[in-house]
Amino acid sequence: MISLNIEKTAGCISKEKVFAYEALAKDAQKALENGTGLGNDFLGWLHLPSSISKEHLADIKATAQTLRENCDIVIVAGIGGSYLGARAVIEALSNSFTWLQDKKTAPAIVYAGHNIGEDYLYELTEFLKDKKFGLINISKSGTTTETALAFRLLKKQCEQQRGKEMAKKVIVAITDAKKGAARITADKEGYKSFIIPDNVGGRFSVLTPVGLLPIAVAGFDIENLVTGASDMEKTCGLDVPFAENPAAIYAATRNELYKNGKKIEILVNFNPKLHYVSEWWKQLYGESEGKENKGIFPAAVDFSTDLHSMGQWIQEGERTIYETVISVEKPNHTMLVPSDEANLDGLNFLAGKRVDEVNKMAELGTQLAHVDGDVPNIRIVIPELSEYYIGQLLYFFEIACGISGYILGVNPFNQPGVEAYKKNMFALLNKPGYEEESKAIQSKL
Ligand code: PA5
C-alpha cells in the first residue's frame, strides 16, 4: 500500500496537535458519508471505485479497442477536470520516449482543448494531416469554449480526412446525459458516448469514462487502476481509526500546517513521469479549497530538475511553505552507473550503483536540507508506478481533499470563482446573451 509519513513536520507542528483533529476529521468524513455537508450533491466519486461494474469497464474497453484498431493518434479534447486525470495517469505509466518511436503498440495520445493557442491548434491540425486520428471529446457542461473550439476544428478535419462513416466510428463523446452542445452533437451525429454522472464534479472524475477511456486507449489496465482505488477506499474508510487512516492524517496535517502560517504546499516528485500527477493534484486542491479568501496554495516542482531553479527559494525564501514528497520506492527498470577507466568526470565513486540510488540520496539530502531550512516535510511513498498504485494515489488524494476541505470549512465541490473570467471573455467577444455585460465591460477598458 501507499504510505504516509508526517514525522518531518515536527519542527513546525506537533503530532499531538495533528491528532487533536481526530474528531474534526471524523465529522468531516461522516458528513461525506451521510451527504450532510456542503456540496453534497457532488459526492458521486466517494464510493465510485467500489461500485464500478464489470459491464461498464467492458464497455469502456470495447470502445478503447475500436479506437486502437482504427487510429494511430487519438486526440483527447478537454480542459481542467475533463483532461488532467487522464493525462496524469497516462504520463505516469508511459515510456517517456514511445511518442518518438515509429512503431507503436498503442495510439499516441495527444491533448487539445486545454488552451486557446492559435499556434498550438494550427500546428496540431497541420501535424494531423494524412494521419489516421480519432477524437475523444470530453466536457461535462458540453459548452466549455476551449474544448468546443478545438472539437469544432478537429471534427471537421476528421470527417474530411477519414470520411463521415469512419469519423462516426472514431469520435467518442463523454459528456452529460442530456444537456449541452456536446450531447446534442453526439446524439445527432450518432457517436458512441459515455455519461459523466451528475454527482461527480470534473476534478473528481478521473475514475469515470473521463479518465478511464483515454487511459484504456493508451493501453493501460483500467481494472487494476480501479482495484487500486477501491483498496484505498477501504484503507480510508469511515470505520478506520484516525491513526490508521492516511487520508484523515494528511488532511489534518495540512490544516494544522496552514494554521501555523504554512500557506503554500509544494508537491514534490523525484520522477519526471509524475509531472502531470502534480498538475492534477494542483487542480484538485486549488479548485476545492481556494475560496472565501482561504485555502492553501498548491504548487508543484519536479526534482531534481527544479532544485536547480526553485531550490534556492525553497531553501531560503519566505518561510510560508511546506513540502509533500511523492517518493516512488522502486523504479520499473534497472540501470547501473558504469565504471570508466579514465574517470575524467570523477564519477567512479558511483560506479556499480543504481541510478535510483543516486536519486534516492538526492531525495534524502533534499529532505534533510529543507527540513533544516524550516520547510516541514510530508512524505508519501508509492511502491512503484503501476496502474494499481496510481489508482491508490488518486483516491487517497480525492478523499483527503474532501476531508480537508470540510475541516477548512469550505465547500470543496464547487468552483464559483472560475466563472468570472468566462463572463468577461464572453462579454468581450459579444456572445449572444451577454449584451449587458458587454456594455459594462467596454466602459472599464
Ligand atoms: O473541475 C472542474 O469542474 C473544472 O475544471 C472542469 O472540469 C473544467 O472547467 C471543464 O469543464 P467541462 O467538463 O464542463 O468542459
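Residues numbered from 1 in each chain as written. Predicted model: local features only at pLDDT ≥ 70, side-chain atom pairs only at ≥ 80, totals over all residues. Heavy atoms only, no water.

Quick notes on the packing of aromatic side chains
Aromatic rings considered in pairs are described by the distance between their centres and by the relative angle of their planes. Per the counting criterion, the structure on display carries 18 aromatic pairs. Ring geometry for Y250 versus Y285: centroids 6.2 Å apart, planes at 75°, classification edge-to-face. Of this pair, Y250 sits in helix α11 (residues 246–259) while Y285 is found in helix α12 (residues 275–289), placing the two residues 35 residues apart along the sequence. Sitting over the ring of Y276, R87 keeps its end group 4.1 Å from the ring centre. Over the ring of Y258 we find K263, and its NZ or CZ is 4.7 Å from the ring centre. (Phe/Tyr/Trp six-rings, centres within 6.5 Å; stacked < 30°, edge-to-face > 60°. Helix = DSSP H or I, 4+ residues; strand = E, 2+ residues; numbered from the N terminus. Lys NZ or Arg CZ within 6 Å of the ring centre and 35° of its normal.)

Quick word on helix α9 (residues 209–217)
For α9, a buried count of nine out of nine residues is recorded, marking the element as mostly surrounded by other parts of the structure. Among all positions of α9, only P209, V210, G211, L212, L213, P214, I215, A216 and V217 are buried. Once α9 ends, the next one or two residues include G219, with phi positive near 100°. (Buried < 20%, exposed > 50% of the residue type's maximum accessible area, 1.4 Å probe, protein only.)

Looking at the side chain of T366
Following the sequence through the fold, T366 ends up in helix α14 (residues 355–372). At a separation of 2.5 Å, a polar atom in the side chain of T366 contacts the main-chain carbonyl oxygen of A362. (Polar contact = N/O pair within 3.5 Å; in protein donor to acceptor, adjacent residues only side chain to side chain.)

Regarding helix α2 (residues 22–34)
Along its 13 residues, α2 runs 18 Å from first to last C-alpha, staying within 8% of the 18 Å computed at 1.5 Å per residue. What α2 keeps buried is the set A25, A28, Q29, A31 and L32. Buried residues in α2, looked at end-on, bunch into an arc of 155°, giving them a common side. Exposed positions of α2 whose direction lies more than 90 degrees from the buried face are A23 and N34. In the core, the buried residues of α2 are packed alongside α11 and α15 (387–408). Within two residues after α2, G35 carries a phi angle of roughly 65°, on the positive side. (Expected span 1.5 Å × (residues − 1). Arc of directions from axis to C-beta. Contact = heavy atoms within 4.5 Å.)

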